[in-house]
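Residue-level listing of the chains:
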Amino acid sequence: DQQVKQNSPSLSVQEGRISILNCDYTNSMFDYFLWYKKYPAEGPTFLISISSIKDKNEDGRFTVFLNKSAKHLSLHIVPSQPGDSAVYFCAASARNQGGKLIFGQGTELSVKP
Amino acid sequence: DVKVTQSSRYLVKRTGEKVFLECVQDMDHENMFWYRQDPGLGLRLIYFSYDVKMKEKGDIPEGYSVSREKKERFSLILESASTNQTSMYLCASSLYAGAGYEQYFGPGTRLTVT
C-alpha cells in the first residue's frame, strides 16, 4: 500500500516557467516531508524539507507547500532551468517511526530550453 | 561534506550467487540504510541500522541480509541472487534517528542478475 504517491510520472516545462510537482500521502502520522532530486547514475540529493507545523518553506527558487487537511504537498520551482531536469522524489517520515523515510514513485522533470 | 561511497557502480552476477554490496560513510553517522530503486516504485527500504551490530527490517527484507560490524560500514548481502533482485541499490546515512534528519545517499550500485 503506497503511503506516499506521486501520480505524475513525468512533467515537461519550458525554461523560465514554473514547475509544480505534486505529492499526496495517506498517513496522518507523517510530520516531516522532504524532496530529493536525482540525476541519472547518481544518488538522490536532498533539496528542501518542511515540518508539519508549517505550510510553506522557501529556499531560493524552490518552495514547498504543505496542505495537511488535504494530505498534499507540492514543490514549486521558479524559474525552471534546464539543469533542473531530473527525477524528483517526495519522502515523508513520522517521529514514531524513528526516521524511516517513505518515498513516492518519483516524477521525472524535463525543462526544455 | 558528507561522503557515502558504494563499492561498485555496476555489478553483473549469476542466479544463485552470493552477492555483497558494501557501503561506507565518513561522517560518523549513527544511522545507515539500504534501499532499492525500481521504475514506477520509487525507493523502497530494505534494511536499516541505528548502531553497530544493530539491524532492523525495512519494507522489503525478503532475500536480503545485512551486516554492520563497524560504525562507518554497512553491507547488504544477497544470499542467493535471483533475477527479480536486478535493481539499483542505494545506501544512505543520517546523523540521528528521528524525523527531520535528512539522509545522504551514495551513488548507487546497478546490479544485474542473469
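Residues numbered from 1 in each chain as written. Chains lettered and ligands numbered in written order. Predicted model: local features only at pLDDT ≥ 70, side-chain atom pairs only at ≥ 80, totals over all residues. Heavy atoms only, no water.

## Side note on the overall build of chain B
Quick note on the threshold: Here a helix means four or more residues in a row that DSSP labels H or I, a strand means two or more in a row labelled E, and each is numbered from the N terminus. Classification of residues uses two cut-offs on accessible area relative to the type maximum, computed with a 1.4 Å probe and protein chains only: under 20% is buried, over 50% is exposed, and between them is partly exposed. A contact between two residues is defined here by any heavy atoms of the two lying within 4.5 Å. Accessible surface is estimated by sampling points in the Shrake-Rupley manner with a 1.4 Å probe; for residues, cover comes only from the protein chains shown. We score Asp and Glu as negative and Lys and Arg as positive, and we do not count His or the chain ends. Where a charge lies is defined by one atom per residue type, namely NZ (Lys), CZ (Arg), CG (Asp) and CD (Glu).
Check the secondary structure of chain B and you find 0 helices and 11 strands. In sequence order, the secondary structure elements of chain B are arranged as β-β-β-β-β-β-β-β-β-β-β. If one aligns the C-alpha atoms of chain B with their principal axes, the spans along those axes are about 35 × 30 × 25 Å. Residues counted as buried form 47% of the 114 residues belonging to chain B. Taking the intrachain contacts of chain B between residues at least 6 apart in sequence as the baseline, contacts between residues at least 24 apart amount to 56%. Carbon and sulfur atoms form 49% of the exposed surface of chain B, whose accessible area is close to 5500 Å². For chain B, the separation between the mean place of its 15 positive charges and that of its 15 negative charges on side chains is 7 Å.

## Things to note about the environment of Lys3 of chain B
Residues and elements named next belong to chain B. Looking at the secondary structure, you find Lys3 in the segment before β1 (4–6). Overall, the relative accessible area of 52% leaves Lys3 in the exposed class. Once the C-alpha coordinates of Lys3 and Glu30 are considered, the two residues, 27 residues apart in sequence, prove to be 14 Å apart. Among all residues touching Lys3, those that are not within four sequence positions of it are Val24, Gln25, Asp26 and Met27.

## Some remarks on the sheet that holds strand β1 (residues 4–5) of chain A
Residue and element names in this part refer to chain A. Using the following cut-off: Here, a strand pair is defined by DSSP locating no fewer than two bridges between the strands.
Pairing is antiparallel in the open sheet, where 5 strands are placed in the order β1-β3-β8-β7-β6. Strand pairing shows two members of the sheet lacking a second neighbour, β1 and β6 (56–59), which therefore form its edges. Note that β1 and strand β3 (residues 19–25) share 2 bridges and pair antiparallel. When the bridges of β3 are listed, Lys5 appears paired with Asp24.

## Some points on the pattern of salt bridges
To keep it simple, the criterion reads: Salt bridges are counted wherever a side-chain nitrogen of Lys or Arg sits within 4 Å of a carboxyl oxygen of Asp or Glu.
Scanning the model with the defined rule gives 10 salt bridges over all chains in all. Here Asp59 of chain B makes a salt bridge to Lys100 of chain A, at a shortest N to O gap of 3.9 Å. Taken together, the residues span two chains, with Asp59 of chain B in the loop between β6 (56–57) and β7 (64–70) and Lys100 of chain A in the loop between β9 (86–93) and β10 (102–103). Residue Asp59 of chain B is classed as partly exposed on the basis of its relative accessible area of 45%. In this structure Lys100 of chain A comes out as buried when scored by relative accessible area, which is 16%. Between Lys18 of chain B and Glu79 of chain B there is a salt bridge; the shortest N-O distance is 3.6 Å. Of this pair, Lys18 of chain B sits in the loop between β2 (10–13) and β3 (19–25) while Glu79 of chain B sits in the loop between β8 (73–78) and β9 (87–94), placing them 61 residues apart in sequence. Look at Lys18 of chain B and you get partly exposed, because its relative accessible area is 46%.

## Examining the nonpolar core
Stated formally: Throughout this description, the term nonpolar core refers to a set of buried Ala, Val, Leu, Ile, Met, Phe, Trp, Tyr and Cys residues connected via side-chain atoms within 4.5 Å.
Core analysis: the biggest nonpolar cluster contains 25 residues, and Val4, Phe30, Phe33, Trp35, Leu73, Leu75 and Tyr88 of chain A have the highest contact counts within it. Every element with two or more residues in this core is listed here: β3, β4 (32–38), β5 (45–51), β7 (62–67), β8 (72–77), β9 and β11 (107–112) of chain A. Tallying contributions element by element places β9 of chain A first for this core, with 4 residues. Phe33 of chain A has contacts with Tyr25, Ile48, Ser49, Ile50, Leu66, Leu73, Ala91 and Ala92 of chain A, leaving out every residue within four places of it along the chain. Counting residues in hydrophobic clusters, the runner-up holds 20 residues, among them Met32, Tyr47, Ile60 and Val66 of chain B.

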